[in-house]
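So the chains spell out like this:
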Amino acid sequence: IGGGLTNNWQSPATLQQKQSEEEVVDDHGPPVVIAHAISLIKCGKKTSVTGFIDAAAVLRHSIHKNSIHYTPPRVNNNNSTTANNVSSKKKRKSRYSYQMYAIVHTSCEEHAKSLQRLGYKILVKDHPVKKEDIKGEWLRNHIEAENCCGSAEFIKLYAYHLTDHPIVVHWDMDVAILQPLDDLYDVMLYDKSHTRNIAARKRIERQHPEDVWPDTVNAFLTRDITSAKPWEKITAVQGGFLVARPDKGVFDEYIKFIKEGNYKSGRGDGSGWYGMGYGGFQGAMAYQGVVAYYYDQLAPNTAVELNVCRWNQVAADVIWRGPERYNEHHLQCRDYPRGKLANGEPDYVSNTKCEDCRKTPIEQVKTVHYTACKKPWECQIANPRVPRDKRQVYRLQNLVDTDNCSKLVREWFQLRQEFEDALEIASDGRVKPSPRYGEYYKEYFMGYCKGGRNGYIAIEPPPDDFDIKKLYGM
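Not measured: the values here are computed from a predicted model.

What to know about the overall build of the protein chain
Then comes step 1: Scanning the protein chain from terminus to terminus reveals 12 helices and 11 strands.
Then comes step 2: The buried share of the protein chain, taken over its 474 residues, is 55%.
Then comes step 3: In the protein chain, of all internal contacts separated by at least 6 residues, the share reaching a separation of at least 24 is 72%.
Then comes step 4: Working note: accessible area of the protein chain is about 21,200 Å², and carbon and sulfur atoms make up 47% of it.

Below is the structure:
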């Protein structure tokens, strides 16, 4: 299977066989190839880069496990741990193929070879918009201070250039896929009247299920609700996950308004892009802000917001616990209320019925994003932080559920173990799994952590002459 769609691929919308909603259609021809892209933007400490390279290996393995190409291995009764994680349990098999891409910033090009060995196609890119290209003075003077990477983060937008594929999913690397994404693909590729599209829409859990579905869906995304404030209408897109239709025209639209730089300082009403409230939150000047602005304002009613406890799950608190406006909004949902009072004002008081993402059972999670629960290779248990600002103690003590976070971290390490064990077999024993002698919270880190931040035991990389196709068959 190559990097793009083959010439004899037919759009699923042209397939008109009649079947029940749960019946499998016999789609003739090769499977549709979905592009999965990551971006390597900032290369700092060696330990950090090592962790992200390992993350790229685990991410690719989790995508493979949830593709058409995966065949579950036989369970070895002497070592059955790899069959106990959520991503290994029986589930619907995917019908979709995939191709991995890495968008690598020019400053990180030395690490491209490591990603290439893992089967990523490499796209080396510089900023599509540099500071000096921005006309707006305020944005031009402040963009480089934006988390995490200033204007360099806009290289993520090159995912829209992958037009050999009907769909691209852009991921942060600190992610694992636990269940297939077929329902999202089916909605985007099949006509709305097709039974596959209809069935998929019924299964997809959205953040606002009361909303009318768009006739045509061009993107799926999640919002950064764990950083939102109940009284703010505008919420950032969570930058670790975006499912979109590749389109160079869309890329050009982004670049045009970013270069214009019509951005107002502050947070809330009157701030951000074109003074429309897209300002002040984390990432507002960069990717998280521009994607929110694009799909809300330039392409409205084409993107669907997914349930944050199921998709791109960061497992963090979505309840407002202050300290700001504590008396007005304590224990309300961070997501802006949809309900209205008789006078038309938002019904904040009734805005309390949000799911507690900290405790969502892992079996219900489609993809997990390791932010609040800590990056697995940092070898840290997500215990509550003790901030200098004592007003934040209550909020931070309730930020995560430590036990559920630890179970999610174990999912990552089980995927890692599967990858290493499979790599040893595929390399005829040339690549040995890293030693698993770490005793630090072994029930979660599975022997890969000797201690805290500096105790991570990295994956033994495949040699330069190893063909990753021997492992994945593609």
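So, next bit.
Observations concerning helix 7 (residues 287-298)
Then comes step 1: Taking 1.5 Å as the rise per residue, helix 7 with 12 residues should run 16 Å; its terminal C-alpha atoms sit 15 Å apart, in good agreement.
Then comes step 2: Of all 12 residues making up helix 7, nine are buried, and the element is well covered by its neighbours.
Then comes step 3: Residues of helix 7 that are buried include every one of Tyr287, Gln288, Gly289, Val290, Val291, Ala292, Tyr293, Tyr294 and Tyr295, and no others.
Then comes step 4: Those residues of helix 7 that are buried lie in contact with strand 4 (168-171), strand 6 (219-223), strand 7 (237-244), helix 6 (248-260), strand 9 (272-273) and strand 10 (303-305).

Observations regarding the side chain of Lys229
Then comes step 1: Take Lys229: it is sitting in the loop between strand 6 and strand 7.
Then comes step 2: We classify Lys229 as buried; its relative accessible area is 15%.
Then comes step 3: A distance of 2.8 Å separates the side chain of Lys229 from the side chain of Glu324, its partner in a polar contact.
Then comes step 4: The residues contacting Lys229, other than those within four sequence positions of it, are Arg267, Trp320, Glu324 and Arg334.

Some remarks on the packing of helix 6 against helix 7
Then comes step 1: Packing of helix 6 against helix 7 leaves a shortest axis separation of 11 Å and a crossing angle of 110°. Taken together, helix 6 and helix 7 sit at an angle that is classed as roughly perpendicular. Touching Val250, Glu253, Tyr254, Phe257 and Ile258 of helix 6 are Val290, Val291, Tyr293, Tyr294, Tyr295 and Leu298, all from helix 7.
Then comes step 2: Classifying every residue of the contact of helix 6 with helix 7 gives 10 nonpolar, no polar and one charged.

A word on helix 10 (residues 402-426)
Two residues of an α-helix separated by three or four positions point the same way, owing to the 3.6 residues in each turn.
Then comes step 1: The first and last C-alpha atoms of helix 10 sit 36 Å apart over 25 residues, in line with the 36 Å expected at 1.5 Å per residue.
Then comes step 2: Extensive coverage of helix 10 is indicated by the burial of 18 of its 25 residues.
Then comes step 3: Positive backbone phi, approximately 55°, marks Asp428, located one or two places after helix 10.

So, the packing of aromatic side chains
Then comes step 1: Going through the model one piece at a time under the given rule, you end up with 24 aromatic pairs.
Then comes step 2: On the basis of an interplanar angle of 70° and a centroid distance of 4.9 Å, the ring pair of Tyr96 and Tyr185 is categorised as edge-to-face. On the criterion of sequence distance, the pair formed by Tyr96 in the loop between helix 1 (46-65) and strand 2 (97-105) and Tyr185 in helix 4 (residues 182-189) is long-range, its members being 89 residues apart.
Then comes step 3: Here Tyr96 falls in the buried class, since its relative accessible area comes to 4%.

Some remarks on the pairing of strand 2
Then comes step 1: Among the nine residues in strand 2, nine count as buried, and that is most of the element.
Then comes step 2: Burial of the side chains of strand 2 extends over both faces: Ser97, Gln99, Tyr101, Ile103 and His105 are buried on one face and Tyr98, Met100, Ala102 and Val104 on the other.
Then comes step 3: As paired strands, strand 1 (residues 33-40) and strand 2 are joined by eight bridges and run parallel to one another. Residue pairing across strands places Ile38 opposite Ala102, the latter belonging to strand 2.
Then comes step 4: Taken together, the five bridges between strand 2 and strand 3 (residues 121-125) define a ladder with parallel strand orientation. Paired with His105 across the bridge in strand 3 is Lys125.
Then comes step 5: With respect to chirality, the unit in which strand 2 leads through helix 2 (residues 112-117) into the neighbouring parallel strand 3 is right-handed.

A look at the confidence of the model for the protein chain
Then comes step 1: Here the protein chain averages 90 in pLDDT, and 89% of its residues register 70 or above.
Then comes step 2: Taken as a whole, residues 76-83 scores under 50 in pLDDT and shows 11 contacts with residues more than four places along the chain or in a different chain.

Rules used in this analysis
- Positions within a chain are numbered from 1, following the residues in the order the chain's sequence is written.
- Local features in this predicted model are restricted to residues whose pLDDT is 70 or higher, and side-chain atom pairs enter the listing and the counts only when it is 80 or higher, whereas totals over whole chains, interfaces and linings include all residues.
- Note that the side-chain values use all heavy atoms of the structure and ignore hydrogens as well as water.
- Only runs of H or I of at least four residues qualify as helices and only runs of E of at least two qualify as strands under DSSP, and these elements are numbered from the N terminus.
- Relative accessible area decides the class of each residue, using a 1.4 Å probe on protein chains only: under 20% of the type maximum gives buried, over 50% gives exposed, and in between gives partly exposed.
- The contact criterion used throughout is that any non-hydrogen atoms of two residues lie within 4.5 Å.
- A 1.4 Å probe and the Shrake-Rupley method give the accessible areas. Residues count as covered only by the protein chains that appear here.
- In a helix, the anticipated span is given by 1.5 Å times the number of residues less one.
- Whenever a nitrogen or oxygen atom comes within 3.5 Å of another N or O atom, the pair is scored as a polar contact, on the condition that within protein one atom can donate a hydrogen and the other can accept it, and that pairs from neighbouring residues in sequence are kept only if both atoms are in side chains.
- Every angle, taken between N-to-C directions, lies between 0 and 180 degrees, and every axis is a line fitted to C-alpha atoms, over only the stretch in contact when it is a helix.
- We call two directions roughly parallel when the angle between them is under 35 degrees, roughly antiparallel when it is over 145, roughly perpendicular when it lies between 65 and 115, and oblique otherwise.
- Amino acid classes used here: Ala, Val, Leu, Ile, Met, Phe, Trp, Tyr, Cys and Pro are nonpolar; Asp, Glu, Lys and Arg are charged; the rest, including Gly, are polar.
- Two aromatic rings, drawn from Phe, Tyr or Trp (for Trp, its six-membered ring), form a pair once their centres lie within 6.5 Å of each other, and the interplanar angle then sorts them: stacked below 30 degrees, edge-to-face above 60, tilted otherwise.
- Pairs of strands are assigned from DSSP output, requiring at least two bridges between the strands.
- Call a crossover right-handed when, viewed with both strands pointing away from you, the route from the first strand across the helix to the second goes clockwise.
- Confidence per residue, as judged by the predictor, is encoded in pLDDT with a range of 0 to 100.

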